[in-house]
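One-letter residues, chain by chain:
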Amino acid sequence: MLPLSDGLRARRFPIVNVSIIVANFAVWLFYELPHLRSAVFHASFYPCTVNNSCHGPESWGVSWITAMFLHGSWDHILGNMLFLAVFGKNVEDAFGPIRYLVFYFAGGFVAMLTQTAMTLWFGTAAAARVPNLGASGAIAAVLGAYFVLYPSSTVRGLVVIFPVHLSAWFFLGAWFLYQLIEANFGLYGAAANGGGVAFFAHVGGFVFGVIVTWLLTNAGRIAPQDRSAMLGAPG
């Protein structure tokens, strides 16, 4: 299913979320497209650099950030940015711009860490040398936050060409379960022009988003919009 709207307008312009989307497209258009394979090789994250079993083009302390802005295809970046556009604006609305920015990068780091741990503990040496890339780990954290903040909102989208309306808790819950069983990604890595972000990154990011948002909500540090803000206009 492709989400198109959640029917919930943000109370203020989501400057951080829009900036992240613009940055991802800028990297894709001006850095990756001219030399895609070279860009993927040089700016991706390599799990083997964490335990020093290999030396990547960049240190892992730098590459976990650069890899978050890389994508392997038009489908990859368009799908990621669509999810971020639909769900990120309201998470930023609840968190506030600065906290949301920190949360986004922390989610991406935890997602990459989760995937790296699974690869190094259970994968092969070859799997640890596969370049990991993509914003989907950080976006998974945003989805986890949305799952806690707006479970009863209605996600409008398409299944192939058929319009559907689903509650956010069902849509995102099904999305999360899909990551646990989705065979196309394999157990340790997903190929996308030589690299990819495996589904354990999605799982780690989503769980991180749920836990952190639940803790902040219960501590009174963040609050979702009131249900009265629910509108039928596109979100």
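Refer to the structure presented above.
Okay, so let's go over this structure.

So, how was this worked out
- Residues numbered from 1 in each chain as written.
- Predicted model: local features only at pLDDT ≥ 70, side-chain atom pairs only at ≥ 80, totals over all residues.
- Heavy atoms only, no water.
- Helix = DSSP H or I, 4+ residues; strand = E, 2+ residues; numbered from the N terminus.
- Buried < 20%, exposed > 50% of the residue type's maximum accessible area, 1.4 Å probe, protein only.
- Contact = heavy atoms within 4.5 Å.
- Core = buried A, V, L, I, M, F, W, Y, C linked by side-chain atoms within 4.5 Å.
- Salt bridge = Lys/Arg side-chain N within 4 Å of Asp/Glu carboxyl O.
- Disulfide = S-S within 2.5 Å.
- Axes fitted to C-alpha atoms, helices over the stretch in contact; angles between N-to-C directions.
- Parallel < 35°, antiparallel > 145°, perpendicular 65-115°, else oblique.
- Left-handed = near helix turned anticlockwise from the far one by under 90°.
- Nonpolar A, V, L, I, M, F, W, Y, C, P; charged D, E, K, R; others polar.

**A look at the environment of Pro14**
With respect to the helices and strands, Pro14 occurs in the loop between strand E1 (2-5) and helix H1 (15-32). By relative accessible area, Pro14 is classed as buried at 13%. Separated by 78 residues in sequence, Pro14 and Glu92 place their C-alpha atoms 6.4 Å apart. With near-sequence residues (within four places) excluded, Pro14 lies in contact with Lys89 and Glu92.

**Overview of the nonpolar core**
Among the nonpolar cores identified, the biggest contains 52 residues, and Leu84, Phe87, Phe95, Tyr100, Tyr104, Ile139 and Leu143 are the most heavily contacted of them. Those elements giving two or more residues to this core turn out to be H1, helix H2 (36-43), helix H4 (74-95), helix H5 (97-122), helix H7 (136-149), helix H8 (168-181) and helix H9 (199-218). Ignoring sequence-local partners within four residues, the contact set of Phe87 consists of Pro3, Val142, Leu143, Tyr146, Val155, Phe171 and Leu172.

**Notes on the pattern of salt bridges**
Per the counting criterion, the structure on display carries two salt bridges. With its nearest N and O atoms 2.9 Å apart, the salt bridge here joins Lys89 to Asp6. Residue Lys89 is located in helix H4, and its partner Asp6 is located in the loop between E1 and H1; the two are separated by 83 residues in the primary sequence. By the burial criterion, Lys89 is buried, and Asp6 matches it. With a closest N to O distance of 2.6 Å, Arg11 and Asp93 form a salt bridge. Taken as a pair, Arg11 in the loop between E1 and H1 and Asp93 in helix H4 lie far apart in primary sequence, 82 residues in all.

**Quick look at the state of the cysteines**
Evaluated as defined, the whole model comprises one disulfide. Paired through a disulfide, Cys48 and Cys54 show a sulfur-sulfur distance of 1.8 Å. Disulfide Cys48-Cys54: the torsion about the S-S bond is 70°, which places it as right-handed. The same class applies to Cys48 as to Cys54, namely buried.

**Structural notes on the packing of H4 against H7**
In the contact formed by H4 and H7, the axes pass within 9 Å of each other and the chain directions differ by 50°. What the angle tells us is that H4 and H7 run oblique. The crossing of H4 and H7 is left-handed. Contact residues: Asn80, Met81, Phe83, Leu84, Phe87, Gly88, Asn90, Val91, Ala94 and Phe95 in H4; Ser136, Ile139, Val142, Leu143, Ala145, Tyr146 and Leu149 in H7. Taken together, the residues that form the contact of H4 with H7 break down as 13 nonpolar, four polar and no charged.

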